[in-house]
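Reading the structure
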Amino acid sequence: MNKSQLRGLSVAVLVVAGATSLFWAMAADAPLPGETWETTSQPMIEGMPPGMQMPVSRLSRCVAKNSAGPPVATNPQQSCTNSNYQSTGLKVSWAVSCTGPTSTGVGEIVYAPDKKSFTGMIKFMSAKGNMTINLTGNKGADCPNPK
């Protein structure tokens, strides 16, 4: 191999190495499709004796950045369906219907101006009584697999 061919091969290797490095740098900077939300929920049952509280539940979930609904999880054991999402400024509201046990309700959350946290509630009505679930949430890091 002569000097000219060796120089050409060296340049080609440098170009490929540089392009590979650039690709990985761009991939590392590409935004991920989801964002992590750390949420808490605390049920308050109507008629419960003063001083008694249901435990607080904490959940972390990856939500699609372009999700139309709020980053609030539902309990799969209750078979609930959220619908009628409405968004006005920093407020999001929706209707919820559950089959296990049968209940209906409305939810509402209000985001902080920076949209990195929220507070809200879901009010359920059923033949067995009424319940309000108080909600809070804080946005965390981007995540790869929204659900």
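This report concerns the structure included in the present document.

Counting secondary structure elements, the protein contains one helix and seven strands. In the protein, the order of α-helices and β-strands from amino to carboxyl end is α-β-β-β-β-β-β-β. Taken over 147 residues, the protein has a buried fraction of 21%. Sequence-distant contacts in the protein: of pairs separated by 6 or more residues, those separated by 24 or more amount to 43%. Accessible area for the protein stands at about 10000 Å²; split by element, carbon and sulfur atoms hold 60% of it.

Scanning the model with the defined rule gives three salt bridges in all. The salt bridge partner of lysine 139 is glutamate 35, with a shortest N-O separation of 3.6 Å. Within this pair, whereas lysine 139 is found in strand 7 (residues 129-143), its partner glutamate 35 is found in strand 1 (residues 34-45), the two being separated by 104 residues in sequence. Looking at lysine 139, the relative accessible area reads 31%, which means it is partly exposed. A residue is classified by how much of its surface remains accessible, and glutamate 35, at 14% relative accessible area, is buried. Measuring nitrogen to oxygen at the nearest pair gives 3.0 Å for the salt bridge that ties lysine 65 to aspartate 142. Taken together, the residues lysine 65 in the loop between strand 2 (57-64) and strand 3 (80-88) and aspartate 142 in strand 7 connect sequence positions 77 residues apart. Lysine 65 sits in the partly exposed class, given a relative accessible area of 36%.

So, about the layout of surface pockets. Its boundaries defined by the atoms lining it, the second largest pocket holds a volume of some 250 Å³. What lines the second largest pocket is a set of 16 residues, among which Glu35, Ser67, Gly69, Tyr111 and Lys115 lie closest to the centre. Every element with two or more residues in the lining of the second largest pocket is listed here: strand 1 and strand 2. Residue composition of the lining of the second largest pocket, by class: eight nonpolar, four polar and four charged.

Let us now look at the sheet that holds strand 3. One open sheet holds the seven strands; their spatial order is 2-1-7-6-5-4-3, and the pairing between them is antiparallel. Two strands lie at the open edges of the sheet, namely strand 2 and strand 3, each paired on one side alone. Neighbouring strand axes in the sheet, compared pairwise and without regard to direction, differ in orientation by 20° on average. Two strands pair when backbone bridges link them, and strand 6 (residues 117-126) and strand 7 are joined in this way by 10 bridges, in the antiparallel orientation.

Quick look at the pairing of strand 3 now. Two strands pair when backbone bridges link them, and strand 3 and strand 4 (residues 91-99) are joined in this way by seven bridges, in the antiparallel orientation. Note that in strand 4 the partner of threonine 88 across the bridge is lysine 91. In this structure, the hairpin formed by strand 3 and strand 4 is closed by a connection of two residues, where glycine 89 is found at a positive phi of approximately 60°.

Cut-off values and rules
Residues numbered from 1 in each chain as written. Predicted model: local features only at pLDDT ≥ 70, side-chain atom pairs only at ≥ 80, totals over all residues. Heavy atoms only, no water. Helix = DSSP H or I, 4+ residues; strand = E, 2+ residues; numbered from the N terminus. Buried < 20%, exposed > 50% of the residue type's maximum accessible area, 1.4 Å probe, protein only. Contact = heavy atoms within 4.5 Å. Areas by Shrake-Rupley, 256 points an atom, 1.4 Å probe, with all protein chains shown as cover. Salt bridge = Lys/Arg side-chain N within 4 Å of Asp/Glu carboxyl O. 1 Å grid on protein atoms, 1.4 Å probe; cavity = no way out; pocket = protein on both sides within 12 Å on 5 of 7 lines; lining within 4 Å. Points joined across faces, edges and corners; volume = space filled by probe spheres on them. Nonpolar A, V, L, I, M, F, W, Y, C, P; charged D, E, K, R; others polar. Pairing = 2+ DSSP bridges. Axes fitted to C-alpha atoms, helices over the stretch in contact; angles between N-to-C directions.

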